[in-house]
Amino acid sequence: MKNTKVRLLAESAIMLALAIALSFVKIWEMPMGGSVTLLSMLPIMLIAVKNGNGWGVGTAFLFSLFQLAQAVMEGNVFPYCTTLGIVAVCVAFDYIVPFTVLGLCAVGKKKLGLPGVYLGIVGVCVVRFLCHFTTGIVIWGQWAPEGMAKAVYSLIYNGQYMLPEMILTLVAAVLLLNAKPIRKLMGLTK
């Protein structure tokens with residue numbers, strides 16, 4: 001039992017480190033936050049697929065803390081948060097919730113198998129988008145062009161990076177999980 005927990009911890013640590021490293025490889029970066037990375041979400045999702053949602057959420061939560069720490073060190077987020085309530089919304093909906101939810105992508109694995117994993121990837125990306133969309137209205141909407149609704153501005157802004165990020169992640173997952181040895185390793189074959 002102890003060896004299994006050590007293995008699970010080691011796998012999670014390695015995939016977390018890979019996700020962090022990939023988060024620095026930005027294909028496209030938005031001017032006020034948000035980017036398309038080189039598949040930084042995928043290692044977190046693979047932990048959930050292989051080891052279950054508990055390990056996935058735990059690893060994803062640590063990834064969310066890294067994302068928050070990175071934003072704090074860059075110093076480009078909190079100067080725009082004018083109240084403690086806005087800071088709380090920013091921390092929760094731009095960092096903790098949207099990155100932690102990535103660990104739930106395997107929720108449909110048991111019932112639907114591989115299609116459930118793909119639906120889970122899309123689902124958690126949609127939830128992540130909705131979180132950023134919310135902060136886009138509450139916090140960042142103040143930069144919407146005159147006459148543009150905050151919700152429209154947030155939809156366009158966040159869609160510019162979240163849609164490509166989701167598509168790249170899904171395509172990479174399909175290509176990776178198309179290999180029978182990988183599917184077997186992930187517990188997706190009998």
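Residues numbered from 1 in each chain as written. Predicted model: local features only at pLDDT ≥ 70, side-chain atom pairs only at ≥ 80, totals over all residues. Heavy atoms only, no water.

J.: Requested: an account of the pattern of salt bridges, with residues and values cited.
T.: Going through the model one piece at a time under the given rule, you end up with three salt bridges. Its salt-bridge partner being R7, residue E11 comes within 3.0 Å of it at the nearest N-O pair. Of this pair, E11 and R7 both sit in helix α1 (residues 2-23), four residues apart, roughly one helical turn. Across the pair E29 and K26 runs a salt bridge, and its minimum N-O distance is 3.4 Å. (Salt bridge = Lys/Arg side-chain N within 4 Å of Asp/Glu carboxyl O. Helix = DSSP H or I, 4+ residues; strand = E, 2+ residues; numbered from the N terminus.)

J.: Provide a residue-level description of the nonpolar core, including the pertinent values.
T.: In this structure, M45, F63 and L102 are the most contacted members of the largest nonpolar core, which totals 41 residues. Breaking this core down by element, the ones donating at least two residues are α1, α2 (42-51), α3 (53-74), α4 (84-100), α6 (114-138) and α7 (150-177). At seven residues, α2 tops the list of elements feeding residues into this core. Those residues in contact with L102 that lie beyond four places of it in its chain are M41, I44, M45, A60, F63 and V124. In terms of nonpolar packing, the next biggest core, distinct from the first, is built from nine residues, V36, F133, Y157 and Y161 among them. (Core = buried A, V, L, I, M, F, W, Y, C linked by side-chain atoms within 4.5 Å. Buried < 20%, exposed > 50% of the residue type's maximum accessible area, 1.4 Å probe, protein only. Contact = heavy atoms within 4.5 Å.)

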